[in-house]
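So the chains spell out like this:
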Amino acid sequence: MKNIHVFKTELPSISEFEAALIENEKLMFTRCGDHDFSRFGFSPKATLTMLSNGYKIAYTFQEKKIPSATVKELVDEKVADFEKTEERPILRRERNEFKEQVLKHLCTKALTTTTTFEAFYHTEHKLLVVDIASEALASSALKLICHCLQSVKTETLHVSAISNSLAINLAKSIRQNVDLGFAGFTLGDKLHLENVDGEQVKYKGDYSLEHIEDLIADDYVVKLITLKKDNITFDFTSELRIKSIRVDPELFDEIDADDVDDERLIREATTLELMVNICLDLVNYFDKAAETNKRK
């Protein structure tokens, strides 16, 4: 896992999911045709894989890259020829028609790029962890599941006032001269702060705690911070996003598996378990922090 989006949802067993896939073959990925700008679907091979604590779902997304500068250049040429021939300025509707023609023409010649990624479902905690940086693709992955299973209740993990809670906790830790961290997390080497005017201060590496305290006193809030817990380091944002996940290799030193595939599944299940617990710890902490601030 590298960059994740997490959703609360209750999915069926893997066997029920497999049965639903058989009835929805049209949702499986197929390559772009000449006139397709993009295609998205469940990966045909190893769509679902059982894990000890849930299962994973494989996706494939393919799109054609058409440079906007090329489109503009060709449209401008058509517009110039049109205005010269018709001896009048082109209408917006007519320009849009030229653009559509250009796009259709380029679509048949454009090269494709293919992205494969996975989502991990934790059965006990009913969390779906989509391992992709793109919010649009994460949302598409969830929609595809809903389409396949017909009826799935989902929601995005959300808590309020994360920026303020992080700043309050950071200032408190500095004042009390205690280890910087909360709820079992320790702070890493990256810290981004921002005030209401959008002015940002970014640190990478060592930073002056006294200066941080002054910034927080001047109403700067934390927008991103590096956190560490359970041999996992990641960047945590004020939008409850977990990015740039790094897993300590020592976490897997004691894995005793018969083959490479078994070892990979154990690694994935272990990482899923830890990341789900991290997500729950973060949500619980900030929910309580928000409730405490309300009572003050």
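Quick look at the structure, then. (Residues numbered from 1 in each chain as written. Predicted model: local features only at pLDDT ≥ 70, side-chain atom pairs only at ≥ 80, totals over all residues. Heavy atoms only, no water.)

As for the pattern of salt bridges
Point 1. The final tally for this structure, using the stated rule, is 16 salt bridges.
Point 2. With a closest N to O distance of 3.4 Å, Glu100 and Lys104 form a salt bridge. Linking Glu100 with Lys104, this pair stays in helix α3 (residues 92-107), spanning four residues, or about one helical turn.
Point 3. Put simply, Asp261 and Arg264 hold a salt bridge, and the shortest N to O gap is 3.4 Å. One end of the pair is Asp261 and the other is Arg264, both in helix α7 (residues 260-295) and three residues apart, which spans about a single turn.
Point 4. With a relative accessible area of 44%, Asp261 lands in the partly exposed category.
Point 5. Judged by relative accessible area, Arg264 falls into the partly exposed class, the value being 34%.
Point 6. Each of Lys56, Glu118, Asp261, Arg264 and Glu268 takes part in salt bridges that share partners, so that together they form one network. (Salt bridge = Lys/Arg side-chain N within 4 Å of Asp/Glu carboxyl O. Helix = DSSP H or I, 4+ residues; strand = E, 2+ residues; numbered from the N terminus. Buried < 20%, exposed > 50% of the residue type's maximum accessible area, 1.4 Å probe, protein only.)

Considerations on the packing of aromatic side chains
Point 1. Under the defined criterion, the tally for this structure stands at ten aromatic pairs.
Point 2. On the numbers, 5.7 Å between centres and 5 degrees between planes, the contact of Phe40 with Tyr59 is stacked. On the criterion of sequence distance, the pair formed by Phe40 in strand β2 (residues 38-42) and Tyr59 in strand β4 (residues 54-64) is long-range, its members being 19 residues apart.
Point 3. Since its relative accessible area comes to 24%, Phe40 is described here as partly exposed. (Phe/Tyr/Trp six-rings, centres within 6.5 Å; stacked < 30°, edge-to-face > 60°.)

Some points on the packing of helix α1 (residues 14-22) against helix α4 (residues 135-149)
Point 1. Between α1 and α4, the shortest axis-to-axis distance is 9 Å and the interhelical angle comes to 80 degrees. The angle between α1 and α4 places the two elements in the roughly perpendicular class. In this structure, α1 uses Phe17, Ala20 and Leu21 to contact α4, whose residues at the interface are Ile145, Cys148 and Leu149.
Point 2. Grouping the constituent residues of the contact of α1 with α4 by class yields six nonpolar, no polar and no charged. (Axes fitted to C-alpha atoms, helices over the stretch in contact; angles between N-to-C directions. Parallel < 35°, antiparallel > 145°, perpendicular 65-115°, else oblique. Contact = heavy atoms within 4.5 Å. Nonpolar A, V, L, I, M, F, W, Y, C, P; charged D, E, K, R; others polar.)

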